[in-house]
Amino acid sequence: QVQLVESGGGLVQAGGSLRLSCTASGRTFSTYVMGWFRQAPGKEREFVATVTSSGANTFYTDSVKGRFTISRDNAKNTVYLQMNGLKPEDTAVYYCAAGGGGLWPTRLASVYDYWGQGTQVTVSS
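## Examining the pattern of salt bridges
A full pass over the atoms with the stated rule returns four salt bridges. For R38, the salt bridge goes to E46, with nearest N and O atoms at 2.6 Å. Residues joined by salt bridges that share partners form a network here, namely R38, E46, R67 and D90.

So this is what it looks like as structure tokens:
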């Protein structure tokens, strides 16, 4: 069992930056592919970014490429999402997830086994 706790959300003006963190319990963190998803009000949960277990490979949805960076520190059981150049349309609850199956890039929510509780990101115009 893996428990995930996100932090770092908040209110920021358009063009600003935030760094989300997701810390996992347990000793198997380094074996999981990690992903970030988001869900805006009235919309379905959508994929944002994913990173392989070693951290060597990353993949992003088109709307965040060049602005967001996913990374991980396996020694700290933590995955990060650095978000720069934030836009009002980035406003959502952001979730981290841990999984191990499926084909790379792991974009499907159904492939992830464990989820955090979410952290709110609000970008004002």
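## Observations concerning the nonpolar core
By size, the foremost hydrophobic cluster in this structure holds 29 residues, and its most contacted members are L4, M34, W36, L81, M83 and Y94. Looking at this core, the elements that each hand over two or more residues are β3 (18-24), β4 (33-39), β5 (46-51), β7 (68-73), β8 (78-83), β9 (92-99) and β11 (119-124). Here M34 is in contact with L4, C22, F29, A49, T50, V51, I70, R72, V79, A97, A98 and Y112, once residues within four sequence places are set aside.

## Looking at the pairing of β8
In terms of burial, β8 is largely enclosed, as five of its six residues are buried. Alignment of β3 against β8, held across six bridges, turns out to be antiparallel. Residue pairing in the sheet places R19 in a bridge with Q82 of β8. Sheet analysis places β7 next to β8, joined by six bridges and oriented antiparallel. Each residue of the ladder has a partner; that of I70, found in β8, is L81.

## Quick word on the environment of S110
As for its placement among the helices and strands, S110 is situated in the loop between β9 and β10 (112-115). S110 gets classed as exposed once you look at its relative accessible area, which sits at 67%. When the C-alpha atoms of S110 and Y94 are compared, they prove to be 16 Å apart, with 16 residues separating the residues in sequence.

## A few points about the state of the cysteines
Here the structure, examined in full by the defined rule, presents one disulfide. At a sulfur-sulfur separation of 1.9 Å, the disulfide partner of C22 is C96. Sign of the S-S torsion, about 45 degrees for the bond between C22 and C96, identifies this disulfide as right-handed. Taken together, the positions of C22 in strand β3 and C96 in strand β9 put the pair 74 residues apart, joining distant regions of the chain. An identical accessibility class is assigned to C22 and C96; each is buried.

Cut-offs and rules
- Residues numbered from 1 in each chain as written.
- Predicted model: local features only at pLDDT ≥ 70, side-chain atom pairs only at ≥ 80, totals over all residues.
- Heavy atoms only, no water.
- Salt bridge = Lys/Arg side-chain N within 4 Å of Asp/Glu carboxyl O.
- Core = buried A, V, L, I, M, F, W, Y, C linked by side-chain atoms within 4.5 Å.
- Buried < 20%, exposed > 50% of the residue type's maximum accessible area, 1.4 Å probe, protein only.
- Helix = DSSP H or I, 4+ residues; strand = E, 2+ residues; numbered from the N terminus.
- Contact = heavy atoms within 4.5 Å.
- Pairing = 2+ DSSP bridges.
- Disulfide = S-S within 2.5 Å.

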